[in-house]
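# Structural overview for review
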Amino acid sequence: MNFDEAEEQDGIRFAWNVWPSSRLEATRSLVVPLGCMYTPLRKNPNTPLVYYEPVFCKGPCRSVLNPFCNADIRGRLWVCPFCFQRNQFPPNYADISEQNLPAELLRPYTTIEYALAARAPVVPPVYLYVIDTCMSDEDLQALKDSLIMSLSLLPENAFVGLITFGSTIQVYELSFVDCPKSFVFRGNKDVTSKQISELLGFAASNKGQQAPQAPQMGMNSGVPTPVQSSGFLMPLSECEFTLTSILEELQRDPRPVPNDKRPLRGTGVAISVAIGLLEATFANNAGRIMVFTGGPCTEGPGMVVGEELKEPIRSHSDIVKDKAKYVTKAAKHYEALAKRSVGSGHVIDMYACSLDQVGMLEMRDLVKKTGGYSVLADGFDQPMFKSSFQRLFTRDQKGVLNQGFNATLDVVTSRELKVCGGIGHMASLSKTGPSVADTEIGMGGTSAWKICGVDPGSTYALYFEVVNQHTNPIPPEQTGLIQFLTHYQNSSGQRILRVTTVSRQWAQGSSETGPGPIPALASGFDQETAAVLMARIAVYKAENEESPDILRWIDRMLIRLVSKFADYRKDDPNSFRLAPNFSIYPQFMFHLRRSHFLQVFNSSPDETTFYRAIFNRENVTNSLIMIQPTLEAYSFAGPPVPVLLSATSVQPERILLLDTFFHIVVFYGDQIAGWRKAGYQDDPKHANLKQLLVAPKDDASLILKERFPYPRYIECDQHTSQARFLLATIDPNITHNSMGNTPGEVIFTDDVNLKVFMEHLKKLAVQP
């Protein structure tokens, strides 16, 4: 099976593409869980968009008509392949025939989109800017320029609003055009959704009605509520001049800040007010809260550090030793805010630009549970922020923003399977039923999730288990089925249902060696997807468990997998062989153990949180770059070639291009750097040197052009300080303890290299 073709067509990749036919065989053979990486909104020009209502099964599964249904055209019946319920075709299908089938019954269209009829007036999305004013004049000016630019990229009918915060929170009334008018809240005292509604005048304008409250999370929470009239959230076409004027005149927080203190910043209250404003006006309609902060919250609920500069913000060491006194309380506050935002279907983005930490660790649930974006940079004038923020507003070929809002993801499985859970930027809807497994992986105990914000790159890890008993053999012609139902609203207000139905073969029989793996099962193993699925579980565990325990868990699972699927003689490591579709998997695990996701040394809690947040939303290809970065070598010997991520690849006459997803590093070897410093590239006789110096920069610019978030770009020479970005990433197979005649760069570390790691793995795998 071509895994890339399956991903291109349906946006899905499975770790196992042939499934064990019983729970017993799955327990014996599957070390990596049966799971998939699913990208619901993946762009595919061949995916049809139809303008009629989907046909749902009347049985308990509520699946949608698909190519794997058994259709009786003459009898106008179809049988659901999930619950075997017999259903009538609706009246609008009266003209179908064997030669005139609807798109959803054709095998090429296993993924199809339905444009749903509007049950309520179409409401365009809301963009609410929440701006920190406690930053330097340079940063504030750069941020204002970016925000004014973004207004030209929004749809004209989009609603916009503005909140600024420092020691106080100001909610601007954009309908008042004579001068800037705002309602002010204290930054050190939280306000409830009901209080916000009353203070901003919504309750007074709706006398006799119940005050707006955050809806409960559940399957009915996607029903839009009537939009309340508001002068705080206005169509862009009506208030663009007023909003632009306010932004241009925006000044730093006027409260004086002593040299030995931090500015008072009520980030927690500002986000609470923003959520309350949208709850009162646009509940369960598309909305995006974009928070721009230049420092940590220092007062009120959500405070992450005190006002005194002599009190440092928490580190990983402080958290481990239980010396971070604000973390638990602040995290609970932001978790409660995230739950409110999910309940009303709104996205929260975090743009944190500061040389110090800002509290991304405590605020992580705001992004994780709502499907928002997170960007971490040194300042608002840096391309890491400016380019990333601009790419948020890219459009597709139809001119629609590449953003989906207020989505739900439902999973329906055939009777032999159950859903264990999911990992990604989403929140559980706690939907129980026959498809939900007792075993939980990630966010389990449900077969449906709420995704407030989704885009064509958003990818979710979903895990399943086989529940069929070995005493109940599956007929050879029967396949396992899973259907994914994604309801979402695009930026033009259209509600869309995307249905993806996939089928995989069952592995029949048992292996000749008894309880060992079935050969067909091994042939369908996708090591790249398996590595990412395991990495997502490891990252999920790392947020709740100690790092050494996670590393031991990864090692145990790797040893179990290779001992089952490798070819070897007992107690003979030299006989150890892995099939090609298993051979790179140990290498992925080696680099995962050394990655930023599990190793927190030399990283702040905010950086670790940022890396994990980005990893949990990317597809298989990008995730593998994060786990095992790519390295290309440029030399006079020929065109660029991929080389091993190893110390032996560092040569004086080479230029290396390293892509870690978060960093793009152009590394000049000693000899190349010497020629460049001497200016030889400016001599027409050495035009080939000039071309060699330009080639990696051109390739790097192509990566920078497409990557979100925008990575840090670094150019460095061998033996300089910034060379550490490369040396800390490559395999340390040449160290101060193993120096010999091997060409390459000496890495001063006690870390185990890949060769030693594989030798130990072979010894442990061949033990009886």
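Look above for the structure.
Keep in mind that what you see is a predicted model, and the values were worked out from it rather than measured.

## Thoughts on the overall build of the protein chain
When helices and strands are tallied, the protein chain shows 20 helices and 30 strands. Over its C-alpha trace the protein chain gives a radius of gyration of 28 Å, about what one expects of a compact globule, namely 27 Å for 768 residues. Taking the principal axes of its C-alpha atoms as reference, the protein chain extends roughly 85 × 80 × 60 Å. Classification of the 768 residues of the protein chain by burial places 58% in the buried group. When the accessible surface of the protein chain is summed, it comes to about 32,900 Å², and 51% of that surface belongs to carbon and sulfur atoms. A gap of 5 Å separates the mean positions of the 73 positive and 80 negative side-chain charges of the protein chain.

## Details of the pattern of salt bridges
Scanning the entire structure with this criterion turns up 30 salt bridges. In this structure, E7 and R13 form a salt bridge, with 3.7 Å as the shortest nitrogen-oxygen distance. Here E7 and R13 have matching classes, each one buried. When salt bridges with common partners are traced through the structure, they connect D4, E7, E8, R13, R42, D526 and E528 into a single cluster.

## Topic: the nonpolar core
Core analysis: the biggest nonpolar cluster contains 138 residues, and W16, L462, F464, F484 and Y585 have the highest contact counts within it. At ten residues, helix α12 (residues 527-542) tops the list of elements feeding residues into this core. Within the second largest apolar cluster, 57 residues are counted, among which are F292, V347, F393 and Y710.

## Overview of the packing of aromatic side chains
Considering all chains together, one arrives at 34 aromatic pairs under this definition. An angle of 35° between the planes, with centres 5.5 Å apart, marks the rings of W16 and F565 as tilted. Residue W16 is located in the loop between β1 (12-14) and β2 (18-20), and its partner F565 is located in helix α13 (residues 547-565); the two are separated by 549 residues in the primary sequence. Look at W16 and you get buried, because its relative accessible area is 0%. For F565, a relative accessible area of 11% gives the class buried. Ring geometry for F385 and F389: centres 5.5 Å apart, planes at 10°, overall stacked. Taken together, the residues F385 and F389, both in helix α10 (residues 383-391) and four residues apart, mark about one turn of the helix. By the burial criterion, F385 is buried, and F389 matches it. Site record: aromatic cluster; members linked through ring pairs are Y127, Y129, F292, Y351, F380, F385, F389, F393 and F405. The ring of W553 carries the charged tip of K541 above its face, separated from the ring centre by 5.2 Å.

## Comments concerning the pairing of strand β17 (residues 404-413)
Where burial is concerned, most of β17 is hidden: ten out of the ten residues are buried. Where β17 and strand β20 (residues 448-454) come together, six bridges link them in antiparallel fashion. The partner of D410 across the bridge, within β20, is A448. Here eight bridges tie β17 to strand β22 (residues 479-490), and the two strands are oriented antiparallel to one another. Bridge assignment links F405 to a residue of β22, and that residue is Q489.

## Quick notes on the sheet that holds strand β6 (residues 77-79)
Here three strands make up an open sheet; going across it, the order is β5-β6-β7 and the pairing antiparallel. Edge positions in the open sheet fall to β5 (70-72) and β7 (86-88), since each of these has one partner strand only. Each adjacent strand pair in this sheet contributes to an overall mean axis angle of 25°, direction not counted. With three bridges connecting them, β6 and β7 associate as antiparallel partners. Note on β7: the bridge partner recorded for L77 is Q88.

What counts, and at which threshold
Residues numbered from 1 in each chain as written. Predicted model: local features only at pLDDT ≥ 70, side-chain atom pairs only at ≥ 80, totals over all residues. Heavy atoms only, no water. Helix = DSSP H or I, 4+ residues; strand = E, 2+ residues; numbered from the N terminus. Rg over C-alpha atoms; globule rule 2.2 N^0.38 Å. Buried < 20%, exposed > 50% of the residue type's maximum accessible area, 1.4 Å probe, protein only. Areas by Shrake-Rupley, 256 points an atom, 1.4 Å probe, with all protein chains shown as cover. Lys, Arg positive; Asp, Glu negative; His and termini not counted. Charge placed at Lys NZ, Arg CZ, Asp CG, Glu CD. Salt bridge = Lys/Arg side-chain N within 4 Å of Asp/Glu carboxyl O. Core = buried A, V, L, I, M, F, W, Y, C linked by side-chain atoms within 4.5 Å. Phe/Tyr/Trp six-rings, centres within 6.5 Å; stacked < 30°, edge-to-face > 60°. Lys NZ or Arg CZ within 6 Å of the ring centre and 35° of its normal. Pairing = 2+ DSSP bridges. Axes fitted to C-alpha atoms, helices over the stretch in contact; angles between N-to-C directions.

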